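Fold and geometry: a report
As a plain string of letters, each chain reads:
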Amino acid sequence: MAAPRHFLQLKDLSRLELDYVFARTRWIKDQFKSYSKYWPLEDRTLVMIFEKASTRTRLSFEAGMHQLGGAAIYLNTRDSQLGRGEPVEDAAQVISRMSDIVMIRTFEQSIIERFAANSRVPVINGLTNEYHPCQILADIYTFIEHRGSIEGKTVAWIGDSNNVCNTWLQAAEIFGFNVHVSTPPGYEVEPERAGLYGTDNYEEFADPMEAAKGADLVTTDVWTSMGFEAENEERRRDFADWQVDADMMKVAAKDAVFMHCLPAHRGEEVAADVIDGPQSVVWDEAENRLHTQKALMEFLLLGHISVE
Ligand code: CP
Ligand code: NVA
């Protein structure tokens with residue numbers, strides 16, 4: 001049995017493969033928009049394991065699998081043996097014998113790696129403490145839809161150097177763009193944790209306004225990620241000056257877009273007039289989770305198929 005391909009980090013797919021997934025996304029999205037039935041994954045089953053909360057990830061994977069002709073099963077820590085201490089390795093053996101593809105949202109990256117090492121089927125990272133590759137797949141696709149190629153562009157990341165930030169940094173190395181990162185002191189990028197090859201594709205700025213200057217895309221995320229709730233109060237104080245507001249958007253490029261993976265906290269990491277304003281593409285970004293992940297599942301299960 002050939003080893004399955006997994007998507008545990010963005011860089012698990014090459015630039016060529018990611019470009020292929022984007023080309024398939026476009027075609028699959030067109031089918032969806034024209035109500036054309038496309039069932040390449042008929043009789044296939046996706047198992048979704050959630051150890052953290054989700055709206056978009058669950059919905060987009062579950063709806064996406066149905067739309068491709070397959071079925072999706074939802075498991076969470078509370079209602080399965082995973083929450084009662086069954087080893088991840090044992091769970092992977094069993095779950096991957098009863099399904100065709102698995103998506104996991106969990107805590108440490110090492111958990112999903114242990115699962116994948118014991119899985120007979122492809123495993124997709126639906127968010128870990130370290131990475132959120134499905135999100136950045138949708139984000140880059142959304143940028144391309146709105147502005148064309150992202151190569152050579154500047155992305156400003158304002159806020160926490162979290163899982164979404166780390167994945168943007170991986171994307172910058174793969175697609176050849178630059179990230180201007182501004183975090184409060186003590187929350188800086190950890191290149192090794194981000195899984196980077198080097199430091200050539202990003203620059204750190206103490207002042208968020210400097211990071212946003214001239215950027216083609218300004219993006220941020222919650223100040224406190226899931227699993228770090230105990231730090232909430234401290235983070236609210238530390239991040240108070242790292243809000244993306246209208247003044248910050250003014251120093252970005254004239255045609256800059258604003259993105260946020262959502263859920264958002266208006267008045268914290270982003271001002272309401274930015275996320276609800278004309279430069280915001282957050283709803284397209286959320287919708288594209290559906291289309292890009294359908295293309296990703298098609299690729300992981302069927303490989304390259306002839307594109308008509
Ligand atoms: N952006 C994102 O992954 O959203 P959910 O937490 O709702 O899945
Ligand atoms: N960084 C956030 C993203 C939520 C989609 C978190 O991990 O909670």
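These remarks concern the structure in this document.

**Remarks on the site of ligand 2**
- Around ligand 2, a shell composed of Leu 127, Asn 162, Asn 163, Asp 221, Val 222, Ser 225, Met 226, Cys 261 and Leu 262 is seen.
- One of the side-chain nitrogen or oxygen atoms of Asn 162 is found 3.3 Å away from a nitrogen atom of ligand 2.
- Measuring from a nitrogen atom of ligand 2, one finds a side-chain N or O atom of Ser 225 at 2.8 Å.
- Coverage of ligand 2 by the protein chains reaches 93% of its 260 Å² of free accessible surface.
- By residue class, the composition of the shell around ligand 2 is five nonpolar, three polar and one charged.

**Topic: helix α3 (residues 88-97)**
- Among all positions in α3, only Val 88, Ala 91, Ala 92, Ile 95 and Ser 96 are buried. The buried side chains of α3 occupy one side of the element, clustering within an arc of 110° when seen end-on.
- Tucked inside the fold, the buried residues of α3 contact β1 (45-50), β2 (71-76), β3 (101-105) and α4 (109-117).

**A short note on the site of ligand 1**
- In the region of ligand 1, the neighbouring residues are Ser 54, Thr 55, Arg 56, Thr 57, Arg 105, His 132, Gln 135, Cys 261, Leu 262 and Arg 289.
- Ser 54 has a polar side-chain atom sitting 2.7 Å from an oxygen atom of ligand 1.
- In the environment of ligand 1, an oxygen atom lies 2.7 Å from a nitrogen or oxygen atom belonging to the side chain of Thr 57.
- Here ligand 1, which alone exposes 260 Å², has 95% of that area covered by the protein.
- For the shell around ligand 1, the per-class residue count stands at two nonpolar, five polar and three charged.

**Quick notes on the sheet that holds β2**
- Reading across the sheet, the four strands line up as β2-β1-β3-β4 and stay open at both edges, with parallel pairing between neighbours. The open sheet has two edge strands with one neighbour each: β2 and β4 (123-125). On average, each strand axis in the sheet is tilted by 20° relative to the strand beside it, whichever way the strands run.
- Where β3 lies against β4, three bridges are found, and the strand directions are parallel. Residue pairing across strands places Ile 104 opposite Asn 125, the latter belonging to β4.

**Focus on the packing of aromatic side chains**
- Across all of its chains, the model carries eight aromatic pairs by this definition.
- Summarising the aromatic geometry, the rings of Phe 50 and Tyr 74 are spaced 5.5 Å apart at their centres and angled 35° between planes, so their arrangement reads as tilted. Highlighted residues: Phe 50 in strand β1 and Tyr 74 in strand β2, separated in sequence by 24 residues.
- With relative accessibility at 3%, the residue Phe 50 sits in the buried group.
- Three or more aromatic residues link up through ring pairs in this structure, and these residues are Phe 22, Tyr 141 and Phe 175.
- Lying across the ring of Tyr 197, Lys 11 places its NZ or CZ 4.7 Å from the centre.
- In this structure, Arg 58 packs its charged tip against the face of Tyr 74, placed 3.8 Å from the ring centre.

**A short note on the pattern of salt bridges**
- All chains considered together, the criterion is met by 17 salt bridges.
- Salt-bridge contacts for Arg 236 lead to Glu 268; the nearest nitrogen and oxygen are separated by 2.9 Å. With a gap of 32 residues between them, Arg 236 in helix α8 (residues 232-238) and Glu 268 in the loop between β9 (257-260) and α10 (272-275) connect regions that are remote in the sequence.
- Among the residues examined, Arg 236 registers a relative accessible area of 39% and is labelled partly exposed.
- Here Glu 268 falls in the buried class, since its relative accessible area comes to 18%.

Conventions used here
For every chain, the first residue of the written sequence is number 1, and numbering continues from 1 along that sequence. Chains carry letters from A onward and ligands carry numbers from 1 onward, assigned in written order. Given that the model is predicted, a residue must reach a pLDDT of at least 70 before its local features are reported, and side-chain atom pairs must reach 80 or more before they are shown or counted; all residues, however, enter totals for whole chains, interfaces and linings. Side-chain measures were taken over the full set of non-hydrogen atoms in the model, leaving aside hydrogen atoms and water. The rule for a residue being near a molecule or strand is that one of its heavy atoms must lie within 4 Å of it. Two N or O atoms count as a polar contact when they lie within 3.5 Å, although within protein this holds only if one can serve as hydrogen donor and the other as acceptor, and sequence-adjacent residues are included solely when both atoms are side-chain atoms. Note on areas: these come from Shrake-Rupley sampling with a 1.4 Å probe, and a residue is covered only by the protein chains present in the view. Charged residues are taken to be Asp, Glu, Lys and Arg, nonpolar residues to be Ala, Val, Leu, Ile, Met, Phe, Trp, Tyr, Cys and Pro, and polar residues to be all remaining types, Gly included. Between buried and exposed lies partly exposed: a residue is buried under 20% and exposed over 50% of the maximum accessible area for its type, with that area taken using a 1.4 Å probe on protein chains only. A run of H or I in DSSP becomes a helix once it reaches four residues, and a run of E becomes a strand once it reaches two; helices and strands are each numbered from the N terminus. This arc is taken over the directions from the axis of the helix to the C-beta atoms. Two residues form a contact once any of their heavy atoms are found within 4.5 Å. Strand pairing is assigned whenever DSSP identifies at least 2 bridges connecting the two strands. To obtain an axis, a line is fitted to C-alpha atoms, over the contacting stretch when the element is a helix, and the angle between two such axes runs from 0 to 180 degrees between their N-to-C directions. Planes of paired rings set the category: under 30 degrees apart is stacked, over 60 is edge-to-face and the rest tilted, where pairs are Phe, Tyr or Trp rings (Trp by its six-membered ring) whose centres lie within 6.5 Å. Charge-over-ring contacts are defined here by two conditions on Lys NZ or Arg CZ: a distance within 6 Å of the ring centre and an angle within 35 degrees of the ring normal. A pair is scored as a salt bridge if a Lys or Arg side-chain nitrogen falls within 4 Å of a carboxyl oxygen belonging to Asp or Glu.

By themselves, these are just geometric observations and shouldn't be taken as functional.
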